[in-house]
Every structure is written in structure tokens, then in C-alpha cells.
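# Results of the structural survey
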Amino acid sequence: MAQEENKIDGQTIQSWYQGCRDDSKKWRDEAKEMFDLRAGNQWTETEIAELNEKRRIPIVMNRVGPYFDSIIGYAANNKKEMRFLPRGNDDLAQAGLLNEAVRWADDLCCANDEELDAFDDMITCGMGWTESRMDYKIDPEGQLITAERIDPMEMYWDVNARKRNLGDATYVIHAKRYERRDAEKRWPRIKDVTPDWSNEDEHRVEPHNATNAWKYENDQSGVGYPEPEAYLILRCQWYLDKKVYRVSDPQSGQLVTLSAAKFGKLKDGFDQMGIKYVPGTERHYYDTYVTGDQVIQENEAPSNKGFTLRAMCAKRDRNKKQWYGIGRAVKDPQKFSNKFFSDIMYI
């Protein structure tokens, strides 16, 4: 946990990302397999080649697809709604106003659909992710996005987190590729940075060591066109626990929070006056953008109540420090069914 007064630099965030990527590699491999399973891509290329060699048909009877769809339908029809209840008759008008404000904000950004998509990811691969943010692209005064779904394959997290929905995570990282033109427009100083880690896929262990490392011209899509030049941007949300002192105000009787630096200047006066104080910590959240090991943007987080990049987790694999969905339970029956009917067709 970050408890020192010094802020986190780009090298630290890069090391977090490298460690998270290595620790979550097996989860990502399984997640891709679960998404393929649900989409009906239930034979590997090796298995198909073996079947073709034996002149057998790779039968797919996708029984798991409707199973997932039924869960999503049930969740959509029984979605919980946030409601504010009045404590007394005087609060009726205020509670009604708050309820309508929440519905209005959710409707503007299609939050129900975004949260349902994230729930879909969760039951498939074990984790679903959303982001809450302000959007100034359409409305210059800002539009509240209460929930926007993020591809779980782009997310990296503190693997030592144990609580549900990563409630005790010390940091989360969103790794996203930005085309060169868009990245340089958003972060002009990025032109002066050599992003050695840009454009790597999630299985690569070592960074690029080329002169133009930020270029990504390998054709991995199978379409026949090179990928556009792009930067890999790591957005890390993390917190810092700063030491503070809570001082009793002799006039109002209220507790006043002072930073360690300000308290150090006033401590002698407090001692002479007999004013009581207690040490403590105050948590501050930060939002940092990194490419390579260089920080290109750092701000205080949009909320000081927690991360705005939020996870919803399914079932816990305690020994592997991973989360998994129901895809793990239906994988083997589906594979067996496909093989069984493939053998029947051959006979």
C-alpha cells in the first residue's frame, strides 16, 4: 500500500503493469477461451486439423449460448434500482427529486445497457468493468457518465486484492492503444517520449527494443493490412495515504484536519495552549497516464471516494488469485457434447 509522501513515478506504474500482466496471463488465456466458447468457436485450430485428418466433422451444438442468454435476460428483467427513501414527511420532496435525478443521469448515458454488458462479461470470464466519468465532448458544461463498459481484456489490477469487486485494491490499470494521431493530439508532450512498451500484445514479456518502438506494423489481424501506428497508454488509478493531524478547535469544539507540514509549524503553539491533537492518515486518489516509463499526465482522481474504474467480480479462485465465471462450469460438458456428436457423425 502506498503510504509514503512521495508520489508514484512512471517506472513504478510500469512495473505494476508488467507484474499484473504476468500474474493474470492464465486468466486472460482462459477468458479468451470462454468468450470463444460462448460465441460458438468451440474447437481449437489444432483440434480442427486433427478432425480433418481423420475426416471427421467439427460439430458445434452451442448449448451454452442460450444458457448465458437466459441469465442475462433474467438480470435485465430483475435489475435493482437505486432509490432514496425519506426519513420523514419533510424529506418527501427531496427524496423524489434525488430519485428522478438518478434516473435522468442513467438514461442520458444508457447506464443500464452498459452495466448489463459488464455483467455479461462477468458471468463469462469472471470480471466485468465499468467507468464513471464526466464527458465534455457534446455538452461543454459536462455530461455525467454513470457507467461505461470497458473491455475486461484491457484491465489490469492488484492481484493481491481479496475483497469482492476488488474493494481492497491499491491500484487498477487500464491499458489502451491510441493511434498516433489521436495520442499526440491529446498529449502533445508524448512526441518527446520514447514509448518502448507501446503496441505490445498482452502475451509479450519483454518490451520492444527497436528504434521506432512505438510503431506497430505487424499484421496480426489476418486481414492483410498493417495496424496503424499507435501508442500503448497506461492509465493508472491509485491512492496515497498522507499523514495528517486532527486538532480540536478550542472555539468551536470541532476537529480540524491539518497536513503534516502545516501542523509542524503550529505544533509548539498547540502544546503551549494545551490544545489536543491526534495523528492520522487521509487518503488521496490520483489518475496518472503513462507511456513507457514516462508520465504524460497526472491529476487528482475524479472522485476521492474510490476508483472510478470499477470491477464486478464473479466467483473467487482462492489458490490462483483469480476470478472466474460460469463458463468454467459449462466448458467440459459442451466440449464433450461436440466430440460425442462428431464421433456419431463419423460412425
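One structure accompanies this document, and this report is about it.

### Considering the overall build of the protein chain
Broken down by element type, the protein chain carries nine helices and eleven strands. For the protein chain, with 347 residues in total, the buried portion stands at 39%. For the protein chain, the share of sequence-separated contacts (at least 6 apart) that also reach a separation of at least 24 residues comes to 68%. When the accessible area of the protein chain is evaluated, it comes to approximately 21,400 Å², of which 49% is carbon and sulfur surface.

### Concerning the pattern of salt bridges
When the charged atoms of two side chains with opposite charge come close together, those side chains can pair. Overall, the coordinates contain 17 salt bridges when judged by the stated rule. For glutamate 47, the salt bridge is made with lysine 335, and the minimal N-O distance between the two is 3.6 Å. Placement of glutamate 47 in helix α3 (residues 45-53) and of lysine 335 in helix α9 (residues 327-346) is noted, with a sequence separation of 288 residues between them. Residue classification places glutamate 47 among the partly exposed positions, given a relative accessible area of 26%. Taking relative accessible area as the criterion, lysine 335 reaches 22% and is therefore assigned partly exposed. In this structure, aspartate 287 and arginine 235 form a salt bridge, with 2.7 Å as the shortest nitrogen-oxygen distance. Taken together, the residues aspartate 287 in strand β7 (residues 277-291) and arginine 235 in strand β5 (residues 230-248) connect sequence positions 52 residues apart. Like aspartate 287, the residue arginine 235 is buried in the burial classification. Salt bridges linked by common partners bring Glu30, Asp317 and Arg328 together as one network.

### Overview of the packing of aromatic side chains
One pair of aromatic rings is described through two measures. These are the centre distance and the angle between the planes. Under the defined criterion, the tally for this structure stands at 15 aromatic pairs. Taken together, a centroid distance of 4.9 Å and an interplanar angle of 75 degrees make the contact between tyrosine 17 and tyrosine 156 edge-to-face. Residue tyrosine 17 is found in helix α1 (residues 10-23), and its partner tyrosine 156 is found in strand β3 (residues 155-157); the two are separated by 139 residues along the sequence. Relative accessible area serves as the criterion here: at 2%, tyrosine 17 is assigned to the buried category. One aromatic cluster in this structure is built from Tyr245, Phe263, Phe270 and Tyr277. If you follow arginine 28 out to its NZ or CZ, it ends over the ring of tyrosine 156, 3.8 Å from the centre.

### Let's talk about unusual backbone geometry
One non-glycine residue with positive phi stands out, namely arginine 55, at about 60 degrees. Residue classification places arginine 55 among the exposed positions, given a relative accessible area of 75%. Here the phi dihedral of lysine 321 falls at roughly 55 degrees; this positive angle occurs in a residue that is not glycine.

### A closer look at the pairing of strand β6 (residues 255-259)
Walk down a regular strand and you will see the side chains alternate between the two sheet faces. Note that β5 and β6 share five bridges and pair antiparallel. Bridging across to β6, serine 248 finds its partner in leucine 255. In sequence, β5 turns back onto β6 through a hairpin of six residues, with glycine 253 there showing a positive phi of about 80 degrees.

### Brief notes about the pairing of strand β8 (residues 294-300)
Two strands pair when backbone bridges link them, and β7 and β8 are joined in this way by six bridges, in the antiparallel orientation. Paired with aspartate 287 across the strands is asparagine 299, a residue of β8. Where β7 hands over to β8, the hairpin turn is made up of two residues, of which glycine 292 adopts a positive phi near 65 degrees.

### Focus on the environment of alanine 111
Looking at where alanine 111 falls in the secondary structure, it is placed in helix α6 (residues 111-125). Sequence-wise, alanine 111 and glutamate 148 are 37 residues apart; in three dimensions their C-alpha atoms are separated by 6.8 Å.

### Description of the nonpolar core
In this structure, Trp27, Met127, Trp129, Trp157 and Leu166 are the most contacted members of the largest nonpolar core, which totals 22 residues. Put simply, the parts of the chain that give this core at least two residues each are α2 (25-39), β1 (127-135), β3 and β9 (309-313). Ranked by residue count, the leading element in this core is β9, at three residues. With 16 residues, the next largest nonpolar core counts Tyr156, Ala175, Leu234 and Cys236 among its residues.

### Topic: the packing of α2 against α6
Interhelical geometry of α2 versus α6 gives an angle of 110 degrees and a closest axis separation of 9 Å. As the angle between them shows, α2 and α6 are arranged roughly perpendicular. Contacts between α2 and α6 involve Trp27, Ala31, Met34, Phe35 and Arg38 from the former and Asp120, Asp121, Thr124 and Cys125 from the latter. Classifying every residue of the contact of α2 with α6 by side-chain character gives five nonpolar, one polar and three charged.

### So, a positive patch on the surface
A surface patch of like charges, here positive, comprises Arg162, Arg164, Arg316, Arg318 and Lys321. Residue position: arginine 318 is located in the loop between β10 (315-317) and β11 (322-324). Under the relative-accessibility criterion, arginine 318 is labelled exposed at 64%.

Criteria and cut-off values
Residues numbered from 1 in each chain as written. Predicted model: local features only at pLDDT ≥ 70, side-chain atom pairs only at ≥ 80, totals over all residues. Heavy atoms only, no water. Helix = DSSP H or I, 4+ residues; strand = E, 2+ residues; numbered from the N terminus. Buried < 20%, exposed > 50% of the residue type's maximum accessible area, 1.4 Å probe, protein only. Contact = heavy atoms within 4.5 Å. Areas by Shrake-Rupley, 256 points an atom, 1.4 Å probe, with all protein chains shown as cover. Salt bridge = Lys/Arg side-chain N within 4 Å of Asp/Glu carboxyl O. Phe/Tyr/Trp six-rings, centres within 6.5 Å; stacked < 30°, edge-to-face > 60°. Lys NZ or Arg CZ within 6 Å of the ring centre and 35° of its normal. Pairing = 2+ DSSP bridges. Core = buried A, V, L, I, M, F, W, Y, C linked by side-chain atoms within 4.5 Å. Axes fitted to C-alpha atoms, helices over the stretch in contact; angles between N-to-C directions. Parallel < 35°, antiparallel > 145°, perpendicular 65-115°, else oblique. Nonpolar A, V, L, I, M, F, W, Y, C, P; charged D, E, K, R; others polar. Patch = residues over 30% accessible without salt bridge, like charges linked within 9 Å, V, L, I, M, F, W, Y side chains within 5 Å. Lys, Arg positive; Asp, Glu negative; His and termini not counted. Charge placed at Lys NZ, Arg CZ, Asp CG, Glu CD.

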